[in-house]
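# Secondary and tertiary structure notes
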Amino acid sequence: MFKNFVLILFVSLIIVSCGNNKQGQLVGVKGKEWFPEKPYGMVLVDGGAFIMGNSDYDEAGLKNAPPKTVTVTSFYMDETEITNAEYRQFVERVRDSVVRQKLAEAAELSGGSGGGNNAGNNNGRSIQDFAFKNAQGQGNNNQGANNQGNNNQTPFQQYSKLYDPLQRKLNWNVDIIWKPSEFPDEDYVMVMDEFYLPKEQSYNGERMLDVTKFIYNYKTMDIEAAARDKGNRADYVQERNVSVYPDTTVWIRDFNYSYNEPMHNDYFSHSAYDNYPVVGVNWKQAKAFCNWRTKELNDFKKRKGEETVNNFRLPTEAEWEYAARGGIESATYPWGGPYTKDDRACFLANFKPLRGDYAADNALYTVEADSYKPNGFGLYNMSGNVSEWVDTSYNPSSYEYMSSMNPNVNNADNLRKVIRGGSWKDVSYFLKVSTRDYEYADSARSYIGFRTVQNYLGNTTQSTFRN
């Protein structure tokens, strides 16, 4: 009896010791094993210190970029400007989300059973093909939490006020019917009709989509203000409603007495321009794209059970300039400088050379986003092609009071947002890595685009510049 008791006690001690292998020591609580993953189409820019601002004579006499030593942490940056094809992915995802939402709501109101089981008037199809996937009495099963990251839930649905609180799933297994002659039934016709311009606004026998209907709705929080004010977090959460289509009329409105109708008609929509930088996108639309890109990737990672990533965003002005310099201290241009031609007399960027000879650099308007040679960090067209939005408000004296560690001055009340790099229609002064310019946040131009960045999680810095 005693021997059995000793044996039981011994086994119990072994079990306890195996279940608590910390042995009373402070070993910490570790999360999932983390392996840094370089996002597709991005390059890692190792952080470090550099002299930000004018390194040579201030030709314009603006005195808005005095030299200042600052330090930035490491980050990933798009190797090219966001292209038409990439931005179109955002536009079409939002467009399809809005259309499917309306079709699903109409299917529910029409009293069908959902799931595509009802025969319609066109090859057995009906609006019920687009009904919510859980439309048959499943909407009250508290599925909202379980739908997080579901492939059938879209960026639009996540934050849309129109989307019902039960977060019922849209049916993405059936293609949207865009051809009017193939619309399956009257209910489908009524829904689709509201997404097209009225007949009196159409011409050439083609009805155009009313692009103002496609709104991306999301929420954001002013974390900096909340942290400084120590107030109620709810007071700093703001809902954003952003029309996603770029403004193609900029090709006409930006230039008086100039024939640019072909660019207005084809630049964003035609596949010939897929790899060209998107333009006609204002600062608010660029921010919305960053939010969507983050959610698109994190939804995929949640479905795979992987660790999510931090936000894609616009670069700060300091990050942009650091990246543009390409590791060359006191550079005038991303390739060094001070000249805009190489040793074979070929121009090194797409801009307005000589005395307005736009074609001298082998380009009239924009060029493909990966044209010309990349800089020392592997980034294309940091100068020329299109100017780029950054996440910084313009203030001529901001260099005097901004921090020297990850500096950024972004005042929500200041709608003048910095653009950098110069464009295809600018003279060489605007191509300099230290030149500052601005545009208003709600303005779109035929010469302004953007690229995104993402913080590198961890510590990687370069001790010296590469020469």
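What you are looking at is a predicted structure, and each value in this text was computed from that prediction instead of being measured.

The subject of this paragraph is the packing of aromatic side chains. Following the criterion strictly, the structure yields 32 aromatic pairs and no others. Consider the rings of F214 and Y245, whose centres lie 6.1 Å apart with planes at 35 degrees: the pair is tilted. Here F214 is found in the loop between α4 (186-193) and β5 (215-221), whereas its partner Y245 is found in the loop between β6 (237-243) and α6 (250-253), with 31 residues between them in sequence. When sorted by exposure, F214 lands in the same class as Y245, which is buried. Residues Y273 and Y276 carry aromatic rings whose centres are separated by 5.2 Å and whose planes lie at 70 degrees to one another, so their mutual orientation is edge-to-face. Residue class for Y273 comes out partly exposed when judged on its relative accessible area of 22%. Three or more aromatic residues joined by ring pairs form one cluster here, namely Y87, F90, F195, F214, Y216, Y218, Y245, F268, F289, W292 and F450. Here the basic side chain of R293 rests over the ring of F312, its NZ or CZ set 4.2 Å away from the ring centre. Residue placement shows K425 over the ring face of Y447; its charged tip is 4.2 Å from the ring centre.

With that out of the way, let us pick up the sheet that holds strand β1 (residues 42-45). If you trace the 4 strands from one edge of the open sheet to the other, you get β1-β4-β12-β7, paired in antiparallel fashion. Edge strands, defined here as strands with exactly one partner in the open sheet, are β1 and β7 (312-313). Across 4 bridges, β1 lies against strand β4 (residues 75-78) in antiparallel orientation. Bridge pairing links V45 to F75 in β4. Along the sheet, helix α9 (residues 317-325) makes contact with β1, β4, β7 and β12 (453-455), crossing β4 at roughly 75 degrees.

Quick look at the confidence of the model for the chain now. Within the chain, residue pLDDT values average 86, and 84% of them lie at 70 or more. Taken together, the stretch residues 113-120 has pLDDT below 50 and engages in 20 contacts with residues farther than four places along the chain or on a different chain.

Turning our eyes to something else, we now look at the pattern of salt bridges. Summed over all chains, the structure comprises 21 salt bridges. Two residues, D129 and R125, come together in a salt bridge whose shortest N-O distance is 3.3 Å. According to the relative accessible area criterion, D129 is buried, its value standing at 9%. Given a relative accessible area of 25%, R125 falls into the partly exposed group. A salt bridge links E306 to K301; the nearest nitrogen and oxygen atoms lie 3.3 Å apart.

The next thing to look at is the nonpolar core. Ranked by internal contacts, the top residues of the largest apolar core, which has 53 residues, are Y87, F90, Y188, Y216, V244, W389 and F450. Elements supplying a minimum of two residues to this core: α2 (84-109), α4, β5, α6 and α8 (283-304). A total of 9 residues in this core trace back to one element, the largest contributor, which is α2. Here F450 is in contact with E81, I82, Y87, V278, V281, A286, F289, L314, E388 and W389, once residues within four sequence places are set aside. Within the second largest apolar cluster, 25 residues are counted, among which are F75, A318, Y399 and V433.

Relative to the assigned elements, H264 resides in helix α7 (residues 261-266). On the accessibility criterion, H264 (23% relative accessible area) is partly exposed. With 11 residues separating them in the primary sequence, H264 and R253 have C-alpha atoms 10.0 Å apart. Contacts of H264, omitting those with residues within four sequence positions, involve T248, T249, W251 and I252.

Turning our eyes to something else, we now look at the packing of α2 against α4. Running from N to C, α2 and α4 cross one another at 140 degrees; their axes reach a closest spacing of 10 Å. Considering their axes alone, α2 and α4 lie oblique with respect to each other. In terms of crossing hand, the pair formed by α2 and α4 is right-handed. Together, V99, K102, L103 and A106 of α2 and Y188, V191 and M192 of α4 make up the contact between the two elements.

Here we take up α8. Because an α-helix completes one turn every 3.6 residues, residues spaced three or four positions apart along the sequence face the same direction. In this model, α8 (22 residues) spans 32 Å end to end at C-alpha, consistent with the 32 Å of a helix rising 1.5 Å per residue. Backbone nitrogen of K284 and a side-chain oxygen of the N-cap are separated by 3.0 Å at the start of α8; the cap is N282. One or two residues past the end of α8 sits G305, with phi positive at roughly 75 degrees.

Attention shifts here to α4. The complete set of buried residues in α4 reads Y188, V191 and M192. Along the long axis of α4, the arc covered by the buried residues comes to 95 degrees, so they all point the same way. The exposed residues of α4 that point more than 90 degrees off its buried face are E186 and M190. Where α4 is buried, its residues touch α2. Where α4 begins, the capping side chain belongs to D185, and its oxygen is found 3.4 Å from the backbone nitrogen of D187.

Reading guide: rules and limits
Residues numbered from 1 in each chain as written. Predicted model: local features only at pLDDT ≥ 70, side-chain atom pairs only at ≥ 80, totals over all residues. Heavy atoms only, no water. Phe/Tyr/Trp six-rings, centres within 6.5 Å; stacked < 30°, edge-to-face > 60°. Helix = DSSP H or I, 4+ residues; strand = E, 2+ residues; numbered from the N terminus. Buried < 20%, exposed > 50% of the residue type's maximum accessible area, 1.4 Å probe, protein only. Lys NZ or Arg CZ within 6 Å of the ring centre and 35° of its normal. Pairing = 2+ DSSP bridges. Contact = heavy atoms within 4.5 Å. Axes fitted to C-alpha atoms, helices over the stretch in contact; angles between N-to-C directions. pLDDT = per-residue confidence, 0-100. Salt bridge = Lys/Arg side-chain N within 4 Å of Asp/Glu carboxyl O. Core = buried A, V, L, I, M, F, W, Y, C linked by side-chain atoms within 4.5 Å. Parallel < 35°, antiparallel > 145°, perpendicular 65-115°, else oblique. Left-handed = near helix turned anticlockwise from the far one by under 90°. Expected span 1.5 Å × (residues − 1). Polar contact = N/O pair within 3.5 Å; in protein donor to acceptor, adjacent residues only side chain to side chain. Arc of directions from axis to C-beta.

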